[in-house]
Amino acid sequence: MTQTALVIGAGPAGLMAADILSAAGLRVTIADRMPSVGRKFLMAGKSGLNLTKAEDQDRFAARYPHLAPSLSDALQDFGPDAVAQWAANLGQPLFTGTTGRVFPTAMKASPLLRAWLARLDSAGVTRRLRWCWTGWYGDACLFETPDGPQRITADITILAMGGASWRRLGSDGAWADKLRDKTAPFRPANCGFRVDWSPHMAVVTGHPVKATALRAGDIVSRGEWVITAQGVEGGGIYDISHAIARGHRLTVDLVPDLSPPTLTDRLSKVPPKTSLANTLRKTLRLPAVKVALFNECARNMDRTPQAVAQALKSLHVPVAAPLPIDQAISTAGGLRWDTLDGFALRDRPRTYCAGEMLDWDAPTGGYLITACLATGRAAALQALNDSKTLKTT
């Protein structure tokens, strides 16, 4: 008799698990609470769908704080090269940007998702949409559906229900109420931070800040970021958000391509009566948003060339708390690794977990999606291996 598998959650981790299980000959059902699949995946694709990062395995793995052994093994087995090959097998050519980030040539998620769903459809995978998981009754998973309560019993169950950010896309963390004794509290990751700006910053609200080097602890980002009414957001901030959240100061090098001696020399040649604002605009050719940021964060400093140069190279931005969790790109927290054997729930036979519902953290830049794909694959392979072991004992 053909074995059955139930995958709850139709994001990258759940779809990858369904792909592996269906390729092994199982009859697979995917259930998702939303009216369509891959919503967060598609939203990520609006900015180009950064699938992975072209780095060697050790450097790639080093970007995951507190890397759990199971996640490390999953990434070792399915890292950047494997992700690129997987996309190519779906007929989606990729290119690598100047920073090493890897994107589909189409620069969006929809062609890749369509090809992926077509492969799942051809393998006989069934999709059940608007099916909201509500827990267990014995061996069965319970759902609220448009047709009333439903239950499914399967030989293998994969939970891939996401974290707790972007509620409108289906990732609200509500599942944690059913697994409360197994979860670490959710917290924002890849998030913006509140800054109590003075009213003077209103004129640059919404402006992108380009060509800077952001630093928090040992991590440096050259990514673009944005001044908002609430604080700071954008890819450059997300790259270092986990370091900021751990208490490291945020500093900005406003002129990363100028050395401190060169900068001091240029500032020393400015006529004494020239205002600092004119010096920043005309001598250093800083755009208005950088001038405003400098004036905001270095109000009470000395105006000597050496002091100004130092501040331009290491401007302290006084960030406060992270912005609300639902505004975060992703979340840390979730199912604790000590409640799992690999990816298997210890007290729930034949039930495995994958994706962002697990307690791990990663920066944007390809690390998030790669880990979701890798854990979905690893959970499915562990389930298949455990199933074979049971059959032979």
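Anything mentioned here points back to the structure above.
Remember, predicted model here, so these are calculated numbers, not experimental data. (Residues numbered from 1 in each chain as written. Predicted model: local features only at pLDDT ≥ 70, side-chain atom pairs only at ≥ 80, totals over all residues. Heavy atoms only, no water.)

Visitor: Is there a simple way to explain the packing of helix 9 (residues 260-268) against helix 12 (residues 305-313) in this structure?
Guide: In a packed pair of helices, the relevant descriptors are the angle between the two axes and the axis-to-axis distance. Put simply, helix 9 and helix 12 touch, their axes get as near as 9 Å, and they point 135 degrees apart. Considered as vectors, helix 9 and helix 12 are oriented oblique to each other. In this structure, helix 9 crosses over helix 12, and the sense of that crossing is right-handed. Contacts from Pro260, Leu263, Thr264, Leu267 and Ser268 in helix 9 reach Pro305, Gln306, Val308, Ala309, Leu312 and Lys313 in helix 12. When grouped by side-chain class, the residues that make up the contact of helix 9 with helix 12 number seven nonpolar, three polar and one charged. (Axes fitted to C-alpha atoms, helices over the stretch in contact; angles between N-to-C directions. Helix = DSSP H or I, 4+ residues; strand = E, 2+ residues; numbered from the N terminus. Parallel < 35°, antiparallel > 145°, perpendicular 65-115°, else oblique. Left-handed = near helix turned anticlockwise from the far one by under 90°. Contact = heavy atoms within 4.5 Å. Nonpolar A, V, L, I, M, F, W, Y, C, P; charged D, E, K, R; others polar.)

Visitor: Explain the pattern of salt bridges here, please?
Guide: Between side chains of opposite charge, pairing is possible as soon as their charged atoms come close. Inspection of the entire model under this criterion finds 17 salt bridges. The residue Arg346 makes a salt bridge to Asp341 at a minimum N-O spacing of 2.9 Å. Salt bridges here are not isolated pairs; linked through shared partners, they connect Lys53, Glu55 and Arg59. (Salt bridge = Lys/Arg side-chain N within 4 Å of Asp/Glu carboxyl O.)

Visitor: Before we go on, may I ask you to explain the side chain of Thr339 in this structure?
Guide: Counting through the fold element by element, Thr339 comes out in the loop between strand 20 (330-335) and strand 21 (340-341). Among the polar contacts listed, one links the side chain of Thr339 to the backbone oxygen of Arg336, at a separation of 2.7 Å. When neighbours within four sequence positions are excluded, Thr339 is seen to be in contact with Lys182, Ala344, Leu345 and Arg346. (Polar contact = N/O pair within 3.5 Å; in protein donor to acceptor, adjacent residues only side chain to side chain.)

Visitor: Is there a simple way to explain the nonpolar core in this structure?
Guide: Generally speaking, a soluble globular protein has its nonpolar side chains buried in company with each other. Core analysis: the largest hydrophobic core is formed by 77 residues, its most contacted members being Leu21, Tyr64, Trp86, Trp116, Phe143, Ile158 and Trp360. Examining the composition of this core, we find that 12 residues originate from one element, helix 13 (residues 367-392), more than from any other. The contact partners of Trp116, leaving out residues within four places of it in the chain, are Pro12, Leu15, Met16, Asp19, Trp86, Leu90 and Leu373. In this structure, Ile244, Leu263, Ala292 and Leu315 belong to the second largest nonpolar core, which totals 41 residues. (Core = buried A, V, L, I, M, F, W, Y, C linked by side-chain atoms within 4.5 Å. Buried < 20%, exposed > 50% of the residue type's maximum accessible area, 1.4 Å probe, protein only.)

Visitor: I would appreciate a short explanation of the layout of surface pockets in the present structure.
Guide: Take a probe with the size of a water molecule and roll it over the atoms, and the empty space left behind shows itself. Roughly 390 Å³ of internal volume is contained in the second largest pocket. Forming the walls of the second largest pocket are 19 residues, and the residues nearest its centre are Lys53, Arg63, Thr99, Arg101 and Asp239. Taken together, the elements giving at least two residues each to the lining of the second largest pocket come down to strand 5 (101-104) and strand 15 (219-221). By residue number, the principal contributor to the lining of the second largest pocket is strand 15, which donates three residues. Among the residues forming the lining of the second largest pocket, the class breakdown is five nonpolar, seven polar and seven charged. (1 Å grid on protein atoms, 1.4 Å probe; cavity = no way out; pocket = protein on both sides within 12 Å on 5 of 7 lines; lining within 4 Å. Points joined across faces, edges and corners; volume = space filled by probe spheres on them.)

Visitor: Would you mind going over the sheet that holds strand 13 (residues 208-209) with me for this structure?
Guide: In sheet architecture, strand pairing relies on hydrogen bonds along the backbone and comes in two forms, parallel and antiparallel. In space, the four strands of this open sheet follow the order 12-17-16-13, with antiparallel pairing throughout. Of all strands in the sheet, those with a lone pairing partner are strand 12 (193-194) and strand 13, marking the two edges. By the bridge criterion, two bridges tie strand 12 to strand 17 (residues 231-233) in an arrangement that is antiparallel. Pairing of Arg194 across the sheet is with Gly231, part of strand 17. (Pairing = 2+ DSSP bridges.)

Visitor: Hey, could you run me through the pairing of strand 5 in this one?
Guide: Here is the key point about a regular strand: its side chains alternate between the two faces of the sheet. Two strands pair when backbone bridges link them, and strand 3 (residues 52-53) and strand 5 are joined in this way by two bridges, in the antiparallel orientation. Paired with Thr52 across the two strands is Val102, which belongs to strand 5. Pairing of strand 4 (residues 94-96) with strand 5 involves three bridges; the strand directions are antiparallel. Within strand 5, the residue paired with Thr96 across the bridge is Val102.

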